[in-house]
Amino acid sequence: SAGVWRRQETETSSGGLGGATTSTRTSYIVPLLTGIKFYPFTTAESALEPFIGAAIGLALGVEDAEGGGGGLLGSGSGTTVETGFGARGAAGIELRLSSAFGATASAGYQWLKFGNPVGVTDTYHGMRVVAGLTYRFQY
């Protein structure tokens, strides 16, 4: 799975004789996780299938800084890229609507850790809720 999160921080600081300056830092977090689902209570023919899942993988953090105000957001402009590691756990349910199509809903926890801060932190974590449509390849 892949996802994209965006976070933006803006800081205005007084520069003394030079006047006020504004710094903006935009961070993009891209988790690239490979996962597996386990259906412990049902068979392949069941219409309603509860599941548990887990995923691990890499994450990319891209930070774009503009302005040179110093302060909390640092100084200078430019783009940096950081790599990290991530993991996710979830539980949910799938509903088969036909032999090929279905719907899914799940809730879980995701954790991403970077070697250096991306934005204001090196760790992104929290609860996640997912809903979507599924397609089963016919073989």
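Residues numbered from 1 in each chain as written. Predicted model: local features only at pLDDT ≥ 70, side-chain atom pairs only at ≥ 80, totals over all residues. Heavy atoms only, no water.

Some words on the pattern of salt bridges
Here's step 1: For the coordinates displayed, the defined rule picks out seven salt bridges.
Here's step 2: A salt bridge links Arg-25 to Glu-63, with the shortest nitrogen-to-oxygen separation between them at 3.7 Å. A residue pair is termed long-range when its members are at least 10 positions apart, and Arg-25 in strand β2 (residues 20-38) and Glu-63 in strand β3 (residues 48-66) qualify at 38 residues. Both residues of the pair, Arg-25 and Glu-63, belong to the buried class.
Here's step 3: Lys-37 is paired through a salt bridge with Glu-94; the nearest N and O atoms lie 2.8 Å apart. Taken together, the residues Lys-37 in strand β2 and Glu-94 in strand β4 (residues 78-96) connect sequence positions 57 residues apart.
Here's step 4: Members of the salt-bridge network, linked through shared partners, are Arg-7, Glu-9, Arg-25 and Glu-63. (Salt bridge = Lys/Arg side-chain N within 4 Å of Asp/Glu carboxyl O. Helix = DSSP H or I, 4+ residues; strand = E, 2+ residues; numbered from the N terminus. Buried < 20%, exposed > 50% of the residue type's maximum accessible area, 1.4 Å probe, protein only.)

Considerations on the environment of Ala-91
Here's step 1: With respect to the helices and strands, Ala-91 occurs in strand β4.
Here's step 2: Residue classification places Ala-91 among the partly exposed residues on the basis of a relative accessible area of 41%.
Here's step 3: It is 5.5 Å that separates the C-alpha atoms of Ala-91 and Ser-106, two residues lying 15 residues apart in sequence.

Side note on the pairing of strand β6 (residues 121-135)
Here's step 1: Pairing analysis gives 14 bridges linking strand β5 (residues 101-118) to β6, with the strands arranged antiparallel. Bridged to Leu-112 within β6 is Tyr-124.
Here's step 2: Linkage of β5 to β6, two consecutive antiparallel strands, is achieved through a turn of two residues, within which Gly-119 is found at a positive phi near 80°. (Pairing = 2+ DSSP bridges.)

Quick notes on the packing of aromatic side chains
Here's step 1: A full pass over the atoms with the stated rule returns five aromatic pairs.
Here's step 2: Taken together through their ring pairs, the aromatic side chains of Trp-5, Phe-114 and Tyr-124 make up a single cluster.
Here's step 3: Residue placement shows Lys-37 over the ring face of Phe-51; its charged tip is 4.4 Å from the ring centre. (Phe/Tyr/Trp six-rings, centres within 6.5 Å; stacked < 30°, edge-to-face > 60°. Lys NZ or Arg CZ within 6 Å of the ring centre and 35° of its normal.)

Looking at the layout of surface pockets
Empty space left among the atoms is revealed by rolling a probe the size of a water molecule over them.
Here's step 1: Computed from the structure, the largest pocket encloses a volume of approximately 340 Å³.
Here's step 2: The wall of the largest pocket is formed by 19 residues, among which Lys-37, Phe-51, Arg-88, Ala-90 and Ser-106 lie closest to the centre.
Here's step 3: At the level of secondary structure, the elements contributing two or more residues to the lining of the largest pocket comprise β2, β3, β4, β5 and β6.
Here's step 4: In terms of residues, the lining of the largest pocket owes the most to one element, β5, which gives five residues.
Here's step 5: Residue composition of the lining of the largest pocket, by class: nine nonpolar, seven polar and three charged.
Here's step 6: Lining the second largest pocket we find 13 residues, and of these Trp-5, Pro-31, Arg-88, Gln-110 and Arg-128 sit closest to its centre. (1 Å grid on protein atoms, 1.4 Å probe; cavity = no way out; pocket = protein on both sides within 12 Å on 5 of 7 lines; lining within 4 Å. Points joined across faces, edges and corners; volume = space filled by probe spheres on them. Nonpolar A, V, L, I, M, F, W, Y, C, P; charged D, E, K, R; others polar.)

Observations regarding empty space enclosed by the protein
Here's step 1: For the structure on display, the rule yields one cavity of 30 Å³ or more.
Here's step 2: Estimates place the volume of the largest cavity at around 30 Å³.
Here's step 3: What lines the largest cavity is Glu-94, Leu-95, Arg-96, Ala-100, Phe-101, Gly-102, Ala-103, Thr-134 and Arg-136.
Here's step 4: For the lining of the largest cavity, the secondary structure elements donating two or more residues are β4 and β5.
Here's step 5: Looking at side-chain class alone, the lining of the largest cavity contains four nonpolar, two polar and three charged residues.

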